[in-house]
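If you want the building blocks of each chain, they are given just below.
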Amino acid sequence: MSEQKIDIRHVATLARLALTDDEVERFGSQLEDLLEHVNVLAKLDVSGVSATAQVVESRNVERKDEVRPSLERETVLAQAPQRQGAFFRVPRIIAEEA
Amino acid sequence: MTNESKTGGIEKRSARAIASDVNARRLSAREVTDAILSHVDRVDDRVGAYLTRLYGLAREHAGRVDLRIAAGEKLPLAGVPVAVKDNMCLAGTRTTCGSRILENWVAPYTATAVQRILDAGGIPIGKSNMDEFAMGSSCENSALGVSRNPYDLDTVPGGSSGGSAAAVAAGEAAIGFGSDTGGSIREPAAFCNLVGFKPTYGRVSRYGLIAFASSLDQIGPLTRTVEDAALAYDAMAGYDPMDSTSINRSLEPTADALRSNASESSSAAPKADNSRTDLRGLRVGLVREFSTDKLGNEIDALYQQAYKDLAALGAEIVEVSLPTAEYGLATYYLIAPAECSSNLARFDGVRYGLRVDGDDVGAMYEATRAAGFGPEVKRRILIGTYALSSGYYDAYYVRAQKARTLVANDFKKAFEKCDLIACPAASSPAFGFNAKSDPYSMYLMDYYTIPMSLAGLPALSVPCGWIDVKGKPMPMGLQLTSPLFTERLLLSTAHTYEQSTKHAEKHHPEVPW
């Protein structure tokens, strides 16, 4: 049994994932199992080693700030789960005053 | 000559042979396409390679190719049937990533790599099945369909590009698009007697590839021959301004390197990247940490023979070491899930895909993602989120990124002693359905392929023999990898090995062939 107890419910909240109680238990134990395997990295000497974010030459790429054709708005909205005019319609974001 | 006899056996023909016939007008793209679609109708109910068959679109593209040929054009992939993995956007087609969350989503644009293959004359036959969001090594994680290995329909085709592998192995395409993050092109290729090629990171545009792990994902071909893989790569690779990780570097064509005469390499020391009938002058490294003696007598013997075959072709075999290779799995299973947790945050029910309503927007996000994602995707999002969360970020994600540097450095050191490395593509042939119910046992299938992905190296799998599994001969793959940007060397070496051993031709699939 791993010493690592992951607060699955907290992580699920961060990830915006609703989990059933059964999933909390099942994923909890599967992830603790994975972490046990992954903890082998603690043995590696990484002092003085820089982190790799990109393996091959990396440079930020920018383009000229000029208007270019993009996807048509109608194309983008065509598959919106819910739309209202030129907008994606979503449930309430800000809670009503009590 | 009836159409039937003209296109008889078309499902077995190489992309090169088909393109040659279509360019010479011995066949029309439309004839090829109709014959392939008939073959799909005959076999795909059992193979399950395609989530969507593109009858109309295929015929439309075939018509356009025929017009271009009639106008005098010659196209490198004229009339070649292509399977497009379902995480690649093809305008007007359902693009699902094997997930319920995109089950009915239709792509509004086409991925650059796909467009280039179509511009080269390729015909899109179908969107192929895959492990959901490319997470898996058997195709069993698809939420939308079951794909089977054409060499034994009771075994998996591998993953995550299992549908494309099944399609090409069953003759339902000559080129399959795959994507490889930790082995998802190479492993299914090995399972299905195919060549599976993952180019150097940045060689093929990721624009239009629905992202899993952005620093690891690469698109590449699955084919029945090395030459076809080279043709496909030549057509799809190259700088794309739409992908900010696309490498702006000159592209050496690879297919021509496979076809030059033996006589051209008669001068003193043949350069390692010219076509040749032998591998003299080439140093092939065998990795101490990848010794095959742990894989059982039969599999060990198979790989020892493959290494002997390389030596018989004139290669100098040297032992090399990748001391941090054993940390590859741990490194990958932190970095990839972390990147995926970020990439999959966009699937929230707001703009596209599945939406499950909620009282407020947060509830909508949670319910949508709970209903839309399968268990493996949820596991990886959770572990990724955990590895990136406050308090754990340095211990997990940053440490893994540093381990990644060490893996890349190990390869650089090894390549001082050798020109290429040879090792297995996978530890076993294709296994049966539900054989790996424990997630970690499935992750182990990536053991040999992950280190190359972490280092961004070009790598491929080429058929290297057959193992008896319950009375059926099942294929296994030899993995070759070489330094960054040396695709020409890699493909020409694989081609020489393939032409001298011809393992792929020894058995044919269970489906009508």
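Residues numbered from 1 in each chain as written. Chains lettered and ligands numbered in written order. Predicted model: local features only at pLDDT ≥ 70, side-chain atom pairs only at ≥ 80, totals over all residues.

**Remarks on the overall build of chain B**
Part 1 of the reasoning: Helix and strand counts for chain B come out as 16 helices and 11 strands.
Part 2 of the reasoning: Computed over the C-alpha atoms, the radius of gyration of chain B is 22 Å, within 12% of the 24 Å expected from 2.2 N^0.38 for a compact globule of 513 residues.
Part 3 of the reasoning: Over its C-alpha atoms, taken along the principal directions, chain B stretches across nearly 70 × 55 × 50 Å.
Part 4 of the reasoning: Taking all 513 residues of chain B together, the buried fraction comes to 64%.
Part 5 of the reasoning: Once local pairs closer than 6 in sequence are excluded, the contacts in chain B between residues at least 24 apart make up 75%. (Helix = DSSP H or I, 4+ residues; strand = E, 2+ residues; numbered from the N terminus. Rg over C-alpha atoms; globule rule 2.2 N^0.38 Å. Buried ≥ 20, exposed ≤ 12 C-beta atoms within 10 Å, placed from the backbone. Contact = placed C-beta atoms within 7 Å.)

**Quick notes on the overall build of chain A**
Part 1 of the reasoning: Across its full length, chain A holds 3 helices and 2 strands.
Part 2 of the reasoning: Computed over the C-alpha atoms, the radius of gyration of chain A is 23 Å, more than 25% above the 13 Å expected from 2.2 N^0.38 for a compact globule of 98 residues.
Part 3 of the reasoning: Reported as C-alpha extents along the three principal axes, the dimensions of chain A are approximately 55 × 50 × 30 Å.
Part 4 of the reasoning: Out of the 98 residues in chain A, the part that is buried amounts to 16%.

**Points about the domain arrangement of chain B**
Residue and element names in this part refer to chain B.
Part 1 of the reasoning: Looking at chain B, the domain boundaries give domain 1 (1-320 + 409-513) and domain 2 (330-394).
Part 2 of the reasoning: Here domain 1 and domain 2 have C-alpha centroids that lie 30 Å from each other.
Part 3 of the reasoning: Of all the elements in the fold, those that place two or more residues in the side of domain 1 that touches domain 2 are α14 (439-443) and α15 (450-455).
Part 4 of the reasoning: Each residue belonging to the side of domain 1 that touches domain 2 can be placed in one class, and the counts come to 14 nonpolar, 7 polar and 4 charged. (Domains from an automatic or database assignment. Nonpolar A, V, L, I, M, F, W, Y, C, P; charged D, E, K, R; others polar.)

**Details of unusual backbone geometry**
Part 1 of the reasoning: Following G159 of chain B, the chain continues into S160 of chain B via a peptide bond in cis, with omega recorded as 10 degrees.
Part 2 of the reasoning: Tracing the backbone through its elements, the reader meets S160 of chain B in the loop between β3 (123-128) and α6 (162-169).

**Looking at the pairing of strand β8 (residues 316-320) of chain B**
All names here are of chain B.
Part 1 of the reasoning: Bridging between strand β7 (residues 283-287) and β8 involves 5 bridges; their strand directions are parallel. If you follow V287 over to β8, its bridge partner there is V320.
Part 2 of the reasoning: What joins β7 to β8 is helix α9 (residues 297-312), and the crossover it makes is right-handed. (Pairing = 2+ DSSP bridges. Right-handed = clockwise from strand over helix to strand, strands pointing away.)

**Describing the nonpolar core**
Part 1 of the reasoning: Judged by nonpolar contacts, the single largest core of 180 residues is most densely connected at V80, V82, I117, I125, L334 and L382 of chain B.
Part 2 of the reasoning: Mapped onto the domain boundaries, this core takes at least three residues apiece from domain 1 (1-320 + 409-513) and domain 2 (330-394) of chain B. (Core = buried A, V, L, I, M, F, W, Y, C linked by C-beta atoms within 7 Å.)

**Brief notes about the packing of helix α3 (residues 29-47) of chain B against helix α4 (residues 55-70) of chain B**
All names here are of chain B.
Part 1 of the reasoning: Contact geometry of α3 with α4 gives a least axis separation of 8 Å together with a crossing angle of 160 degrees. As summarised for this structure, α3 and α4 are arranged roughly antiparallel, according to the angle between their axes. Crossing of α3 over α4 shows right-handed handedness. Residues A29, R30, T33 and L37 of α3 form the contact with α4, whose participating residues are Y55, A58, R59, A62, G63, V65 and D66.
Part 2 of the reasoning: Of the residues contributing to the contact of α3 with α4, the split by class is 6 nonpolar, 2 polar and 3 charged. (Axes fitted to C-alpha atoms, helices over the stretch in contact; angles between N-to-C directions. Parallel < 35°, antiparallel > 145°, perpendicular 65-115°, else oblique. Left-handed = near helix turned anticlockwise from the far one by under 90°.)

**Details of the packing of helix α10 (residues 328-343) of chain B against helix α13 (residues 394-417) of chain B**
Residues and elements named next belong to chain B.
Part 1 of the reasoning: Between α10 and α13, the shortest axis-to-axis distance is 9 Å and the interhelical angle comes to 130 degrees. Classed by the angle they form, the pair α10 and α13 counts as oblique. Relative to α13, α10 is oriented so that their crossing is left-handed. Listed contacts from α13 to G328, T331, L334, I335 and A338 of α10 are Y396, Y397, A400, Q401, A403, R404 and V407.
Part 2 of the reasoning: Among the residues making up the contact of α10 with α13, the classes are represented as 8 nonpolar, 3 polar and 1 charged.

**Description of the interface of chain A and chain B**
Many authors give the size of an interface as the accessible area that is lost as the parts come together.
Part 1 of the reasoning: Between chain A and chain B, the residue contacts involve 40 residues of the former and 57 residues of the latter.
Part 2 of the reasoning: Where the side of chain A that touches chain B is concerned, the elements lending two or more residues are α1 (8-14) and α2 (21-38) of chain A.
Part 3 of the reasoning: If one sorts the elements of the side of chain A that touches chain B by residue count, α2 of chain A sits on top with 7 residues.
Part 4 of the reasoning: Considering only residue class, the side of chain A that touches chain B consists of 29 nonpolar, 7 polar and 4 charged.

**Quick look at the environment of P157 of chain B**
Residues and elements named next belong to chain B.
Part 1 of the reasoning: Counting through the fold element by element, P157 comes out in the loop between β3 and α6.
Part 2 of the reasoning: Under the C-beta neighbour-count criterion, P157 is labelled buried, with 37 such atoms within 10 Å.
Part 3 of the reasoning: Taking the C-alpha atoms as reference points, P157 and G432, separated by 275 residues in sequence, lie 9.6 Å from one another.
Part 4 of the reasoning: Ignoring sequence-local partners within four residues, the contact set of P157 consists of C139, S147, R148, N149, G162, A165, A166, P188, F191, C192 and A430.

**Structural notes on α6 of chain B**
Counting along an α-helix, one turn takes 3.6 residues, and residues three or four places apart therefore face a common direction.
Part 1 of the reasoning: The element α6 of chain B is largely enclosed, with a buried count of 8 among its 8 residues.
Part 2 of the reasoning: Looking only at α6 of chain B, the buried set comprises G162, G163, S164, A165, A166, A167, V168 and A169 of chain B.

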